[in-house]
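# Residue-level structural notes
In case you want the letters, here they are:
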2 protein chains.
Amino acid sequence: MEKKRPFDCGVTRSMEVIGGKWKINILWAISRGEPIRFNQLKRAVQGITNVMLTRSLKELIAYNLVKKKDFNTIPPHVEYSLTEKGASLVPILRTLDQWGKKNL
Amino acid sequence: MEKKRPFDCGVTRSMEVIGGKWKINILWAISRGEPIRFNQLKRAVQGITNVMLTRSLKELIAYNLVKKKDFNTIPPHVEYSLTEKGASLVPILRTLDQWGKKNL
């Protein structure tokens, strides 16, 4: 999944990983309630579909920003939380939250 | 263009305005070379098409993050730069740039 590209722009690289419509919202929702289950996360991220949440989580896990814990039970019990790398984004997301509340 | 929605989450509001694939990259490129012309901006934002750059700029202007100056000349001379509100995002984009360089 890691696609090495010879450019120096950290913003471009970051947006390759957390860009798009949902990933920043998902990371923020996990950071505010981890560990969190799929349906809790779906409720926390307004307007996301099951398909988009599943796909976005898969990418965030592949980029080592989110980790998944499967309890191997019936019915299934799966929890999501941030990895250390994912948690290192939270201060940036917090400033984005403050910016949004102040400016929009 | 301002769509008021009764939620308190600053991140959700921010992503409504600067979410998607290109807007954060565009804001960052403008911040590093403003005032900047359309073709310069196109070169600075890797992989963006004319259509996506035009559409994204239109939205960023509508959200009062970017301003456009048309010199009314033939051939046309148009420059883009950040508004005060747009410029207030730059510290967040800078931390995102550092995060990307460090973690990806």
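Residues numbered from 1 in each chain as written. Chains lettered and ligands numbered in written order. Predicted model: local features only at pLDDT ≥ 70, side-chain atom pairs only at ≥ 80, totals over all residues. Heavy atoms only, no water.

Labelled according to an unreviewed UniProt entry, chain A appears under the name Transcriptional regulator, originating from Vagococcus entomophilus.

### Notes on the nonpolar core
Residues A:I26 and B:I26 are the most contacted members of the largest nonpolar core, which totals 64 residues. Non-local contacts of A:I26, meaning those with residues more than four positions away in its chain, are made with A:L41, A:V45, A:I48, A:L53, A:S56, A:L57 and A:L60. (Core = buried A, V, L, I, M, F, W, Y, C linked by side-chain atoms within 4.5 Å. Buried < 20%, exposed > 50% of the residue type's maximum accessible area, 1.4 Å probe, protein only. Contact = heavy atoms within 4.5 Å.)

### Notes on the interface of chain B and chain A
On the side of chain A, 35 residues touch chain B, which itself brings 35 residues to the contact. Between chain B and chain A, roughly 3100 Å² of surface is buried when both sides are summed, and carbon and sulfur atoms account for 64% of that area. The largest contributions to the chain B side of the interface with chain A come from B:V11, B:W99 and B:L104, which together make up 22% of the buried area. Between chain B and chain A we count zero salt bridges in total. Put simply, chain B and chain A have 15 residue pairs in polar contact (both at pLDDT 80 or more) between them. Elements with a contribution of two residues or more to the side of chain B that touches chain A: α1 (10–18), α2 (23–31) and α6 (90–103) of chain B. Here the side of chain B that touches chain A takes nine residues from α6(B), the largest share from any one element. Taken together, the residues of the side of chain B that touches chain A sort by class into 15 nonpolar, 11 polar and nine charged. (Buried area = accessible area lost by both parts, 1.4 Å probe. Salt bridge = Lys/Arg side-chain N within 4 Å of Asp/Glu carboxyl O. Polar contact = N/O pair within 3.5 Å; in protein donor to acceptor, adjacent residues only side chain to side chain. Helix = DSSP H or I, 4+ residues; strand = E, 2+ residues; numbered from the N terminus. Nonpolar A, V, L, I, M, F, W, Y, C, P; charged D, E, K, R; others polar.)

### Focus on unusual backbone geometry
Backbone torsion omega between A:I74 and A:P75 reads 0°, so that peptide bond is classified as cis. Along the chain, the position of A:P75 falls in the loop between β1 (66–70) and β2 (78–82). Looking along the chain, the bond that leaves B:E34 and enters B:P35 is cis, with omega of -5°. Among the structural elements, B:P35 can be located in the loop between α2 and α3 (38–44). One non-glycine residue, A:N72, lies in positive phi territory at about 50°. Residue position: A:N72 is located in the loop between β1 and β2.

### Looking at empty space enclosed by the protein
Any space left empty among the atoms is revealed by the rolling of a water-sized probe across them. Tallying each qualifying case throughout the model produces one cavity of 30 Å³ or more. Here the largest cavity defines a volume of roughly 60 Å³. Every residue along the wall of the largest cavity is listed here: A:I24, A:I92, A:L93, A:L96, B:I18, B:I24, B:I92, B:L93 and B:L96. Within the residue set of the lining of the largest cavity, elements represented by two or more residues are α6 (90–103) of chain A together with α6 of chain B. Taken together, the residues of the lining of the largest cavity sort by class into nine nonpolar, no polar and no charged. (1 Å grid on protein atoms, 1.4 Å probe; cavity = no way out; pocket = protein on both sides within 12 Å on 5 of 7 lines; lining within 4 Å. Points joined across faces, edges and corners; volume = space filled by probe spheres on them.)

### Side note on helix α4 (residues 50–62) of chain B
Residue and element names in this part refer to chain B. Under the 1.5 Å per step criterion, the end-to-end length of α4 is 18 Å for 13 residues, consistent within 8% with the ideal 18 Å. For α4, the secondary structure elements touched by its buried residues are α1, α2, α3, β1 (66–70) and β2 (78–82). Backbone geometry just downstream of α4 places N64 in the positive-phi region, at approximately 60°. (Expected span 1.5 Å × (residues − 1).)

### So, the relation of the copies chain B and chain A
Of the transformation superimposing chain B on chain A, the axial component is 0.0 Å and the angular component is 180°, with the fit at an RMSD of 0.0 Å. These values place the two chain copies in the arrangement generated by a two-fold rotation axis. No C-alpha of chain B approaches the rotation axis more nearly than that of B:G20, which lies at 2.1 Å. Comparing interface residues between copies, 100% of those in chain B also lie at the interface in chain A; the contact surface is shared. (Least-squares fit on C-alpha atoms with pLDDT ≥ 70 in both.)

### A closer look at the pattern of salt bridges
Residue and element names in this part refer to chain B. With the rule as written, the count across this model stands at four salt bridges over all chains. Of the charged contacts, one joins E59 and K23 as a salt bridge, the two residues approaching to 2.7 Å between their closest N and O atoms. One end of the pair, E59, is in helix α4; the other, K23, is in helix α2, with 36 residues separating them in the sequence. Owing to a relative accessible area of 26%, E59 belongs among the partly exposed residues under this scheme. You can call K23 buried: its relative accessible area is 7%. Note that D97 and K101 form a salt bridge whose closest N and O atoms lie 3.0 Å from each other.

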